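Each chain is listed here by its residues.
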Amino acid sequence: MVDRGFEDVPDEAEESGSRRVHWTIIKRTVADQKSGKPISTTYVLQREDSETEFPNLGTARAAANKTIIHPEKLTMSKAEHAAAKNSK
């Protein structure tokens, strides 16, 4: 298992309610029998009773509406810290 989560979707049975749908991303690798080296890798998004295959992890996460924000993009650089300090 590579990733898992859930999303709230509107429920058709209840107009005001929503239901939680759990999803899981699994890495499926096919390897050579003699050498054991991986030949191909696919990522499978499992949601309720359906499975969808994707060529890479990014597209599988996008299909599950999950975005990853890397911490290095959230922190300010030294130059940005200095500029913010000087502007005050």
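Above: the structure in question.
Per chain, residues are indexed from 1 in the order of the written sequence. Per-residue local features of the predicted model are confined to residues with pLDDT of at least 70, and side-chain atom pairs are confined, for both listing and counting, to 80 or more; whole-chain, interface and lining totals are unaffected and use all residues. Neither water nor hydrogens contribute to the side-chain values; these are computed over all heavy atoms in the structure.

Participant: Explanation requested: the sheet that holds strand 4 (residues 50-54) in the structure shown.
Facilitator: Backbone hydrogen bonds hold the strands of a sheet together, and the pairing may be parallel or antiparallel. One bridge is not enough; two strands pair if DSSP finds at least two bridges between them. Helix and strand assignments follow DSSP, with helices taken as H or I runs no shorter than four residues and strands as E runs no shorter than two, numbered in order from the N terminus. Strand order across the open sheet formed by four strands is 1-2-3-4, with antiparallel pairing between neighbours. Among the strands making up the open sheet, the edge pair consists of strand 1 (3-10) and strand 4. Looking at each pair of strands side by side, their axes are set apart by 25 degrees on average, direction ignored. Note: strand 2 (residues 18-31) against strand 3 (residues 38-47), nine bridges, orientation antiparallel. Counted as the bridge partner of Lys 27 is Tyr 43 from strand 3. The convention used is that axes are lines fitted to C-alpha atoms, helices contributing only their stretch in contact, and that angles between N-to-C directions extend from 0 to 180 degrees.

Participant: Sorry, what's going on with the pattern of salt bridges here?
Facilitator: When charged atoms on two side chains of opposite charge get close, those side chains can pair. Salt bridges are defined by distance alone: a side-chain nitrogen of Lys or Arg within 4 Å of a carboxyl oxygen of Asp or Glu. Inspection of every chain in the model, using the stated rule, returns seven salt bridges. One salt bridge in this structure joins Asp 8 and Arg 20, with 3.1 Å as the shortest N-O distance. Here Asp 8, found in strand 1, pairs with Arg 20, found in strand 2; they are 12 residues apart in sequence, far enough to count as distant. Across the pair Glu 51 and Arg 28 runs a salt bridge whose closest N-O atoms are separated by 3.6 Å.

Participant: Can you help me understand the side chain of Glu 7 in this one?
Facilitator: Position of Glu 7 among the secondary structure elements: in strand 1. Under the rule applied, a polar contact is a pair of N or O atoms within 3.5 Å (in protein, one hydrogen donor and one hydrogen acceptor; residues adjacent in sequence only if both atoms are side-chain atoms). A distance of 3.1 Å separates polar atoms of two side chains, one belonging to Glu 7 and the other to Asn 65. Ignoring anything within four residues of it in the chain, the contact list for Glu 7 reads Arg 19, Arg 20, Val 21, Trp 23, Arg 47, Ala 64 and Asn 65. The contact definition used throughout considers only heavy atoms, calling two residues in contact when any of these lie within 4.5 Å.

Participant: How do you make sense of unusual backbone geometry when you look at a structure like this?
Facilitator: Leaving glycine out, the prevailing phi sign among residues is negative, and the prevailing peptide bond configuration is trans. For Glu 48, which is not a glycine, the phi torsion comes out positive at approximately 50 degrees. Throughout this description, buried means an accessible area under 20% of the type-specific maximum (1.4 Å probe, protein chains only), exposed means over 50%, and partly exposed covers the range between. The class of Glu 48 is exposed, set by a relative accessible area of 53%. With phi around 60 degrees, Asn 65 is a residue other than glycine that occupies positive phi space. Here Asn 65 shows up in the loop between helix 1 (57-63) and helix 2 (71-74).

Honestly, that's just the spatial picture; any functional story needs more than this.
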